[in-house]
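Listed here are the chains, written in short residue letters.
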Amino acid sequence: MNLKRLALAAGTVFFFFTLPGIFAQGFSLSGILDSSVNMRSGAGDAPAFSYGLEEYANLRAQAKIRDQAVLYGALNFTAAAGNSAREASEWGLYQKGRQNGLSPSSYADGENYVSGIELERLYFRLNGDYLDFDGGLLRLPFGYGQVWGPSDFLNPRNPLYPDARPRAVLGAGLSWYPNDSNKILFFGAAPKDPLSEPGAGGLGGISLDRHGDKASLQLLYVFQSPHEGAEQGLHRTGLSLKADLALGLAADMLYTYNREAETGVEGLSASAGFDYSFLDGRFYLLAEYLYNGGASATSAEGGNLAGFSNENCLYASLLYRINDYTSVSAALIAGFNDVSFTPMLRGEHELFQGLTLTLSAQFPMDRSLFRNDGEKGEFGPLPPGLDGGSRFRFNAKARLRF
């Protein structure tokens, strides 16, 4: 790590730990500490067996400034070894929304590990009776989808990595609450490429939320200015619904229109699903389908680093609560077009309040399980475009909340 990066990291940490003295009356500090170990059985050029170790902490701070303003901040600390370190330093899975890791350039080498510090959130909120203003490095979430999240295009999701923390964007939002049931949000965000020409790829938009006793509706419109080398910008329109009836129902869709490319139906990303609890809440069932257009917000071909290549995808899970402290679940992610799927098992046990042990396993499969025709599947052991993959992944994690 060079001196400039070291000074920046030291200054960031110093700022966080001096906040209590600055805002003694309204300061709170919380966070999580994850200690995890993973093991993998490789496919392709990956080792037949590998393991990784990771120590990860997320530290969150909140400071109130009287009753009119709040300052929020969050830091990520990571130390990793084995395949956890190799993935982070070689090609940055963090960019794909697939884990908590940092940018490869943020890491420093140690004796037997790599480590890094990342600023995750840093923004302020001004509170009013009918208006709120947020500005800085913050989260701008959209839509009611629980799994695929087409409308949540600023933070692409991947259900293969359910513990990945939502990423932030540098932007601002003005929220107006005309009454208890409605919210109107005006927002804007900087371009994906922070070094782009002024305005190239920047975006702005509006969302409208209406909440009823049994149902909620969100409408979304976003315009993204042309990026460097393009003549036309992108228009995104979204619709998201949820209803709490006998089943919990949710539908989420986002259409991306590029006039320069004359986008058709391939610009549509849409999900629909339900969740249901039964037998006094001991069982919880969740299922959600995704239609993934080739130029949509959830598509890899459309430029989404966390996107998918299958046009039709399905996620289904069943959770069983053994008691108040222990639960087990089974889930399946499937791509219909290339006949690939990943079964997942997960178990959680709260050892005591604030400390939870989680065991999880994934078994990537595709049509090669039934016939060796050379076809690779997106959710299989060796996804297309990669030289190495995994036939089995196991992870054990202890999470401490404070």
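Placed above this text is the structure.
Presented here is an overview of the structure given in this document. Per chain, residues are indexed from 1 in the order of the written sequence. Residues qualify for local features only when their pLDDT is at least 70, as the model is predicted, and side-chain atom pairs are given and counted only at 80 or more; totals for whole chains, interfaces and linings, by contrast, use all residues. Excluding hydrogens and water, the side-chain figures rest on all heavy atoms present in the structure.

### Brief notes about the overall build of the chain
For clarity, the cut-off: Counting from the N terminus, the helices are DSSP H or I runs at least four residues long and the strands are E runs at least two residues long. Residue burial is assigned from relative accessible area. The probe radius is 1.4 Å, only protein chains are included, and a residue is buried under 20% of its type maximum, exposed over 50%, and partly exposed in between. Every residue pair with non-hydrogen atoms within 4.5 Å of one another is taken to be in contact. Accessibility throughout is a Shrake-Rupley quantity obtained with a 1.4 Å probe, and a residue counts as covered only by protein chains that appear here.
Secondary structure summary: the chain contains 2 helices and 20 strands in total. Of all 402 residues assigned to the chain, the portion counted as buried reaches 43%. Intrachain contacts of the chain at a sequence separation of at least 6 include 54% that bridge at least 24 residues. Summed over all atoms, the accessible surface of the chain reaches about 21,100 Å², with 58% contributed by carbon and sulfur.

### What about the packing of aromatic side chains?
Going by this rule: The criterion for an aromatic pair is that two Phe, Tyr or Trp rings (for Trp, the six-membered ring) have centres within 6.5 Å, with stacked assigned to planes under 30 degrees apart, edge-to-face to planes over 60 apart and tilted to the rest.
As enumerated under the stated definition, the model contains 10 aromatic pairs in all. Here Trp148 and Phe308 contribute two aromatic rings whose centre-to-centre distance is 5.2 Å and whose plane-to-plane angle is 90 degrees, an arrangement assigned as edge-to-face. A residue pair is termed long-range when its members are at least 10 positions apart, and Trp148 in the loop between β6 (131-138) and β7 (169-179) and Phe308 in the loop between β14 (283-292) and β15 (312-321) qualify at 160 residues. Owing to a relative accessible area of 2%, Trp148 belongs among the buried residues under this scheme. A network of ring pairs unites the aromatic residues Tyr276, Phe278, Phe283 and Tyr320 as a single cluster.

### Notes on the side chain of Arg367
Looking at the element boundaries, Arg367 is found in the loop between β19 (365-366) and β20 (388-401). For Arg367, a relative accessible area of 17% translates into the label buried.

### Examining the nonpolar core
Soluble globular proteins tend to pack their nonpolar side chains together in the buried interior. What counts, and what does not: The nonpolar core is taken to be a set of buried Ala, Val, Leu, Ile, Met, Phe, Trp, Tyr and Cys residues, with the residues joined through side-chain atoms within 4.5 Å.
Membership of the largest hydrophobic core comes to 17 residues, with the highest contact counts inside it found for Leu140, Phe142, Phe153, Leu154, Phe187, Leu203 and Leu220. Among the elements of the structure, β3 (69-82), β8 (182-189) and β10 (215-224) are those that each provide at least two residues to this core. Leaving out residues up to four positions away in the same chain, Phe187 has contacts with Leu140, Phe142, Ala172, Gly173, Leu203, Gly204, Gly205, Ile206, Ser207, Leu220, Tyr221 and Val222. Counting residues in hydrophobic clusters, the runner-up holds 13 residues, among them Val147, Leu286, Ala331 and Ile333.

### As for a nonpolar patch on the surface
For clarity, the cut-off: Only residues whose relative accessible area exceeds 30% and that take part in no salt bridge are eligible for patches, with like-charged residues grouped when within 9 Å of each other and nonpolar side chains (Val, Leu, Ile, Met, Phe, Trp, Tyr) grouped when within 5 Å. Salt bridges are defined by distance alone: a side-chain nitrogen of Lys or Arg within 4 Å of a carboxyl oxygen of Asp or Glu.
Among the surface-exposed residues, Leu351, Phe352, Leu357, Leu359, Leu400 and Phe402 lie close enough to one another that they form a single nonpolar patch of about 550 Å² accessible area. When its relative accessible area of 34% is taken as the criterion, Leu400 is described as partly exposed.

### What about unusual backbone geometry?
A positive phi angle, near 55 degrees, is found at Leu279, a position not held by glycine. Along the chain, Leu279 falls in the loop between β13 (268-278) and β14.

### So, the pairing of β7
As a reminder of what qualifies: Pairing between strands is defined by DSSP: at least two bridges between them are needed.
In this structure, β6 lies alongside β7, joined through 8 bridges in antiparallel fashion. The partner of Leu137 across the bridge, within β7, is Leu170. As paired strands, β7 and β8 are joined by 7 bridges and run antiparallel to one another. Each residue of the ladder has a partner; that of Gly173, found in β8, is Phe187. Between the end of β7 and the start of β8, which pair antiparallel, lie 2 residues.

### Observations regarding the pattern of salt bridges
Summed over the entire model, instances satisfying the criterion amount to 10 salt bridges. Arg167 serves as the salt-bridge partner of Glu118, at 2.6 Å between the closest nitrogen and oxygen. Of this pair, Glu118 sits in strand β5 (residues 114-127) while Arg167 sits in the loop between β6 and β7; the two residues are 49 residues apart in sequence, bridging distant segments of the chain. Residue class for Glu118 comes out buried when judged on its relative accessible area of 15%. Given a relative accessible area of 26%, Arg167 falls into the partly exposed group. Between Glu120 and Arg165 there is a salt bridge, and its shortest N-O distance comes to 2.7 Å. Residue Glu120 is found in strand β5, and its partner Arg165 is found in the loop between β6 and β7; the two are separated by 45 residues along the sequence. A cluster of three or more residues bridged by salt bridges with shared partners is formed by Asp163, Arg346, Glu348 and Lys397.

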